[in-house]
Amino acid sequence: MIEEKNGVFPAVCPLDCPDTCGLLLHREEGKIVKVTGNPDHPITQGAICNKVRNMTERIYHKDRIRYPLKRTGPKGSGQFERISWDEAVSEIASRYRELIAEYGSECILPYSFYGNMGILSVDGMDRRFFNALGASRLDQKICNAAGNAGWKYTMGFKGGTSPEDTEYADLIIVWGGNLISTNMHQVVIAEKARKRGAKVVVIDVHKNRTAQWADWFIPLYPGTDTALALGVMHVLFRDGWTDEVFLKRYTVGYDELREHVKSYTPAHVAAITGVPEEDIEKLARMYGEASVSYIAIGNGLQHHDNGGMNVRSIACLPALTGQWLKQGGGAVKTNGGYGAMDSDYLERPELRPNPEARSINMNRIGEALHMQEQPIKAVFVYCSNPLVVAPDTERVQAGFAREDLFTVVHDLFMTDTAKYADIVLPAASSFETTDLYASYWHHYVQLQEPVIGKIGEAKGNVELFAMLGRAMGLDEEAFMETEEEMIARALNYPENPYLNGVTLPALKEQRFVKLDMTPQASYLDRLPTPSGKIELYSEAMKAAGLPPLPEYVPLQEGYDGNHRPGKDEPYPLMFISPPNHNFLNSTFANVEKHQRLEKEPQLQIHPQDAAQRGIGDGDSVMVYNKRGKLELKAVVTDKMLPGTVISQGLWWEGQGRKQRANALTAERLSDMGGGATFFSTAVQVKRQ
């Protein structure tokens, strides 16, 4: 495709988004001039979001890093000089050898996430390199770990309702997710269901774009989702809306759950959640009477101290009314399990000389960079921007500012993190590389081949880590494979029957190939839980020291309706920092067009809370707690319950202002799965 200067070429959206859209790239004289959706893609059908439509603004951005750079000034100053790739690789290899000789290989830590969802880029050659090196392991728990753990305890398998089938639901509940901004094609399918008469209910702490689109918005206090789910269960059991035949055949613990939820009366739950008693009754009645009900479980509610239990509790609801046997019924947290590939082949764990190497949770990178025993002496950052996305960023920044920390950053831009690097390497965009993409929502696997040549001296992750592996003298065979060889072998994985028919030749011919969903029809008969059934009562949770039944546990930091802050409480407000519409985490936050669309960092504050503090619409305010501070413009609105403040989007530092939302958030881990607790954050707000 690179050889042809003009034309329209197939591509895949690389962003960390459930939709994994099929794209068309329009190229003139070798340059991409327009990005559109591919109308032939069976799920995304030509519709794409504004972020991707303006992707050329990012690919050809004037600030894109084009050459390797070496730091010349103080860390954080952004002062660098151009060097060659040979010099950069030699420097990295030399420093790594010295550090390994003095401190051992676990003094080196990779730090990455899914800034590019390409499987080879972030779950392939990079893993081989750090395995063969013997580096510390990174627990990638910053996004969905708590919810995945809660879902797994209940359902066992990381899979749920097929997206296409949700068109046949007559009740769609969006619980803790802003789908218009983060899963737009589920909204398109929900609109088809609406035309059939379906109702859409959104449960969230904030009346975001999706809540405004819904037929009914139910606001609640942050972190009280489990209590609301238990209140619904109470009414379902009380009023006989449960499917007893389904419960007896496919679940364990239904009698224990029936007894357990008797204490979660609508009155009790209303006091906790802030949801009126009559609304709890109405919601349960709608769910119980629905012929086919579907729950889309979002990311937001898992980012709490009790985030795993929130998802675990909601995941129990479809079983109570037998929804899993109905087309379009059930729920989705993630469908990523269906497309699982041969990860051992991709990552080559057998290359590791130290199989018992320590693991470091990425949510605690700030703590890790300050460890005195077995200190981290080198960090390699790629596909992530920890100085913006990681919690407690003041502490994270102090760690990256260490002069004795050798830091390499591989990125398209001089991010907040890259400014603290010793070596900055130019990254290739996804449209410049070959990679494989699988959705964690729909069932199509897609192939991306280069559409443009690499800009400047940029390199993709596969090329980069293969080059570093060879430079370090690591297992030669592992670092000589081509992208196509890796793709073909990763897909040849008989252990996953859903991959039947998904091959490299098929992908080259069709660009997107659907998983073989035949096994889904009988998966309830062989769930990979200890009992083989849906576990409403979980012995595994009990053994792990967790409540075996869904149980509401208040936040460690924050408030519910029964526990409001006293007048002397220094941080009486709950701070939530969900995604905005035009960024994806910190991606696009440096692109002028997207900045103009979002205007500036803002704090949404309820009129009652604003009046108590003498804050007016448009005032400059400071949001602060013991960890840090954030400077924003106030927007006085009643889109949430009093006591909750909202700042959407992760902005880079700029114009001398403190605008990193995660300066306020804690490194505490969730109740299960080791997940982040971004939204269990208490703050105070004052007028500037």
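What comes next is a walk through the structure. (Residues numbered from 1 in each chain as written. Predicted model: local features only at pLDDT ≥ 70, side-chain atom pairs only at ≥ 80, totals over all residues. Heavy atoms only, no water.)

1. Some thoughts on the pairing of strand β9 (residues 199–204)
- Extensive coverage of β9 is indicated by the burial of 5 of its 6 residues.
- Pairing analysis gives 5 bridges linking strand β8 (residues 171–175) to β9, with the strands arranged parallel. Opposite Val174, over in β9, you have Val202 as the bridge partner.
- Both β9 and strand β10 (residues 216–219) contribute to a ladder of 4 bridges, which runs parallel. Across the sheet, Asp204 pairs through a bridge with Pro219, a residue of β10. (Buried < 20%, exposed > 50% of the residue type's maximum accessible area, 1.4 Å probe, protein only. Helix = DSSP H or I, 4+ residues; strand = E, 2+ residues; numbered from the N terminus. Pairing = 2+ DSSP bridges.)

2. Thoughts on the sheet that holds strand β13 (residues 330–332)
- On the basis of which strands lie adjacent, the open sheet formed by 5 strands has the order β10-β9-β8-β12-β13 and parallel pairing. On the outer flanks of this sheet lie β10 and β13, each paired with one strand and no other. If you compare each strand with its neighbour and ignore which way they point, the axes differ by 15° on average.
- Packing of helix α14 (residues 277–289) onto the sheet brings it into contact with β8, β9, β10 and β12 (293–297), and relative to β10 it is tilted by some 130°. (Axes fitted to C-alpha atoms, helices over the stretch in contact; angles between N-to-C directions. Contact = heavy atoms within 4.5 Å.)

3. Some words on the nonpolar core
- Judged by nonpolar contacts, the single largest core of 198 residues is most densely connected at Tyr96, Phe129, Trp175, Phe380, Phe400 and Val685.
- Here this core takes 9 residues from helix α10 (residues 225–238), the largest share from any one element.
- Those residues in contact with Phe129 that lie beyond four places of it in its chain are Tyr96, Phe465, Leu468, Gly469, Met472, Leu474 and Phe479.
- Core analysis: the next-biggest nonpolar cluster, separate from the first, contains 18 residues, Ile172, Ala190, Ala214 and Tyr294 among them. (Core = buried A, V, L, I, M, F, W, Y, C linked by side-chain atoms within 4.5 Å.)

4. Quick notes on the sheet that holds strand β18 (residues 435–438)
- Read from one edge of the open sheet, 3 strands run β18-β19-β20, paired in antiparallel fashion. A strand with exactly one partner marks an edge of an open sheet, and here the two such strands are β18 and β20 (512–514). Direction aside, the axes of adjacent strands within the sheet are offset by 20° on average.
- Two strands pair when backbone bridges link them, and strand β19 (residues 444–448) and β20 are joined in this way by 3 bridges, in the antiparallel orientation. Bridging from a neighbouring strand, Tyr444 pairs with Lys514 of β20.

5. Regarding the state of the cysteines
- Applying the stated criterion across every chain, the model contains 0 disulfides.
- Between Cys13, a cysteine without a disulfide, and Cys21, which holds the nearest cysteine sulfur, the sulfur-to-sulfur distance is 5.7 Å.
- Looking at the unpaired Cys383, the closest cysteine sulfur is the one in Cys13, lying at 14 Å.
- In this structure Cys383 comes out as buried when scored by relative accessible area, which is 18%. (Disulfide = S-S within 2.5 Å.)

6. Quick notes on unusual backbone geometry
- For Thr20, which is not glycine, the phi dihedral falls at a positive 40°.
- With respect to the helices, strands and loops of the structure, Thr20 is situated in the loop between β1 (7–12) and β2 (22–28).
- Residue classification places Thr20 among the buried positions, given a relative accessible area of 6%.
- Of note in this structure, Arg511 is not a glycine but carries a positive phi near 75°.
- Its place among the elements puts Arg511 in the loop between α22 (504–510) and β20.

Such coordinate-based values are descriptive only and should not be taken to indicate function.
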